[in-house]
There are 2 protein chains.
Amino acid sequence: MSERSSRASGRRRTVPAPQLQLRIRVRVGDVVAVGPGKIALLGAVREHGSISAAARSLDMSYRRAWLLLDELNRSLVSPATVASQGGRRGGGAQVTASGEALLALYRRIEAEALAVTRRDTARLLRMLARPGPTPT
Amino acid sequence: MSERSSRASGRRRTVPAPQLQLRIRVRVGDVVAVGPGKIALLGAVREHGSISAAARSLDMSYRRAWLLLDELNRSLVSPATVASQGGRRGGGAQVTASGEALLALYRRIEAEALAVTRRDTARLLRMLARPGPTPT
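These numbers were taken from a predicted model, which means no experiment stands behind them. (Residues numbered from 1 in each chain as written. Chains lettered and ligands numbered in written order. Predicted model: local features only at pLDDT ≥ 70, side-chain atom pairs only at ≥ 80, totals over all residues. Heavy atoms only, no water.)

> I'd like to hear about the overall build of chain A, residue by residue, with values.
The helix and strand tally for chain A stands at six helices and four strands. For chain A, the N- to C-terminal ordering of α and β elements is α-β-β-α-α-α-β-β-α-α. Counting every position in chain A, which comprises 136 residues, the buried fraction comes to 40%. A separation threshold of at least 6 residues defines the contact pool for chain A, and within that pool the share at least 24 residues apart is 52%. Working note: accessible area of chain A is about 7,900 Å², and carbon and sulfur atoms make up 50% of it. (Helix = DSSP H or I, 4+ residues; strand = E, 2+ residues; numbered from the N terminus. Buried < 20%, exposed > 50% of the residue type's maximum accessible area, 1.4 Å probe, protein only. Contact = heavy atoms within 4.5 Å. Areas by Shrake-Rupley, 256 points an atom, 1.4 Å probe, with all protein chains shown as cover.)

> Quick one: what's the story with the pattern of salt bridges, residue by residue and with numbers?
Per the counting criterion, the structure on display carries ten salt bridges over all chains. Between D70 of chain A and R74 of chain A there is a salt bridge, and its shortest N-O distance comes to 2.8 Å. On the criterion of helical spacing, the pair formed by D70 of chain A and R74 of chain A is a turn pair, its members being four residues apart in helix 4 (residues 62-75). Judged by its relative accessible area of 22%, D70 of chain A falls in the partly exposed class. For R74 of chain A, a relative accessible area of 65% translates into the label exposed. Here R108 of chain B makes a salt bridge to D120 of chain A, at a shortest N to O gap of 2.7 Å. With R108 of chain B in helix 5 (residues 97-116) and D120 of chain A in helix 6 (residues 118-126), this pair bridges two chains. (Salt bridge = Lys/Arg side-chain N within 4 Å of Asp/Glu carboxyl O.)

> Give me the lowdown on unusual backbone geometry, citing residues and values where you can.
Residues other than glycine seldom take positive phi values, yet D59 of chain A does so here, at roughly 60 degrees. Locating D59 of chain A in the fold gives a position in the loop between helix 3 (51-57) and helix 4.

> Break down the side chain of R25 of chain B for me, citing the residues and quoting the values.
Following the sequence through the fold, R25 of chain B ends up in strand 1 (residues 19-28). Comment: no salt bridge for buried R25 of chain B; closest opposite-charge side chain is E110 of chain B, at 9.2 Å. Excluding residues within four positions of it along the chain, R25 of chain B makes contact with Q19, L20, Q21, R23 and R25 of chain A together with V32, V34, G35 and P36 of chain B. (Lys, Arg positive; Asp, Glu negative; His and termini not counted.)

> A description of the relation of the copies chain B and chain A should follow, citing residues and the corresponding values.
One copy of the chain maps onto the other through a rotation about an axis followed by a shift along the same axis. Structural alignment of chain B on chain A gives an RMSD of 0.0 Å, achieved by rotating through 180 degrees and translating 0.0 Å along the axis. Overall, the copies show the geometry of a two-fold rotation axis. No C-alpha of chain B lies nearer the rotation axis than that of A113 of chain B, which sits 2.2 Å from it. Both copies contact each other with a shared surface, as 100% of the interface residues of chain B are interface residues in chain A too. (Least-squares fit on C-alpha atoms with pLDDT ≥ 70 in both.)

By themselves, these are just geometric observations and shouldn't be taken as functional.
This is the structure in structure tokens:
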């Protein structure tokens, strides 16, 4: 995010601060069955209650969001989302209990990994040059 | 790797086992200053003693390897590799003490993160369907 805003503002001369990323993915062959993108989408479905609203919130096409969720659901023993057609919120989508468990588990894994590596990732960040504003 | 071999052998019907990936990156703006690719390359330079041999071992062009190492070195307070021109191994490259420290630190962070999350990543993997050989 900070990268984007620095680009958008055209201040290319200000070197942004280093950002640590820790990404967990489960691959099944060529498919990322579970990864940051699908988890963010699942979280957005939970928040917004529909695939289209979730897709919009992530600046993603409905088609892409639908395909990603379909891929996620097919990868799981029990699907993470279900369509909630009819009723008050017709055309919506809901996160299942299994989807809630997946979200919580994934986020816990991220948090655990970040917490245990905090000291060493701080060391890693200190190895990086911090040129600050620079004429290059 | 297992993905490639399964593709290469043309056995598309056998669904490979889910693989957990945990990737650590340090981004500085748009640049991945430190990440799995650069660390693998640094390890290969250390093993092979030259950029060209390291690049070959990773199926990468010399030019790409050189550019990645240059980017890595510029990102660091102290460079991870130096050219070792002249002498017995003229034209080679060596990993510096700082590069050794970076390799060790990065690999320790990976190992720590994997170790602490082992129980939860096992849970995550159990949420995935295991279709085994399938006609789809």
